[in-house]
Amino acid sequence: MTTQAPAPLHWKLVIDAADPHTQADFWAAALHYTAEDNSALIEQLLSLGALSGEATVEYHGRLAFRDLIAVRHPDDPYDPQSGTGLGRRLLFQRVPEPKTGKNRLHLDLHPGPDRHAEEVSRLEALGARLLREVAEPSGQWTVLADPEDNEFCVH
């Protein structure tokens, strides 16, 4: 009797934010991702009375949830009825409290050694802030902060 291994779990990384839409714009540009378009789902929920107008905002000319938005890899599948990605995603959710300490989790971006400096400059132009350059026996990388001071690295 053989036991079939369970299917891998689908996941997304959820990031607390004061302004989820600004964070989505930064990270969509930083990763060359696409901001999800949930407007069809939102319009359906509004028409059913399951969502109030106060729970929505206009985002790039379309309806979006006020307190959350995700960005997804443009090549990954998504549900066309809801606009929700089914692959690599970052979801930004509004929280009332500010960031108070060092990240316990962060993204590492790997543009390749020939594009490292160019990528750091591009990210700074998008609104990232240089925190430090690291050179250790295990390697070299740059530590940056996104517009809400979440740290991430470029290797």
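This structure is a prediction, so every number in the text was calculated from the model and none was measured. (Residues numbered from 1 in each chain as written. Predicted model: local features only at pLDDT ≥ 70, side-chain atom pairs only at ≥ 80, totals over all residues. Heavy atoms only, no water.)

**Let's talk about the packing of helix α1 (residues 20-31) against helix α3 (residues 116-126)**
Part 1 of the argument: The contact between α1 and α3 brings their axes to 10 Å, and the two run at 160°. Overall, the two elements α1 and α3 adopt an arrangement that is roughly antiparallel. The handedness of the crossing between α1 and α3 comes out as right-handed. Each of Phe26, Ala29 and Ala30 in α1 lies in contact with α3, whose residues at this interface are Glu119, Arg122, Leu123 and Leu126.
Part 2 of the argument: Per-class residue counts for the contact of α1 with α3 are 5 nonpolar, no polar and 2 charged. (Axes fitted to C-alpha atoms, helices over the stretch in contact; angles between N-to-C directions. Helix = DSSP H or I, 4+ residues; strand = E, 2+ residues; numbered from the N terminus. Parallel < 35°, antiparallel > 145°, perpendicular 65-115°, else oblique. Left-handed = near helix turned anticlockwise from the far one by under 90°. Contact = heavy atoms within 4.5 Å. Nonpolar A, V, L, I, M, F, W, Y, C, P; charged D, E, K, R; others polar.)

**Observations regarding the environment of Tyr59**
Part 1 of the argument: Within the secondary structure, Tyr59 is located in strand β3 (residues 56-59).
Part 2 of the argument: Judged by its relative accessible area of 5%, Tyr59 is buried.
Part 3 of the argument: The sequence separation of Tyr59 and Gln44 amounts to 15 residues, and the corresponding C-alpha distance is 17 Å.
Part 4 of the argument: In this view, Tyr59 contacts His21, Ala24, Asp25, Ala35, Ala64 and Ile69; residues no more than four positions away in its chain are not counted.
Part 5 of the argument: In this structure the side chain of Tyr59 is engaged in a polar contact, spanning 2.5 Å, whose partner is the side chain of Asp25. (Buried < 20%, exposed > 50% of the residue type's maximum accessible area, 1.4 Å probe, protein only. Polar contact = N/O pair within 3.5 Å; in protein donor to acceptor, adjacent residues only side chain to side chain.)

Geometric descriptors of this kind do not, in isolation, establish any biological role.
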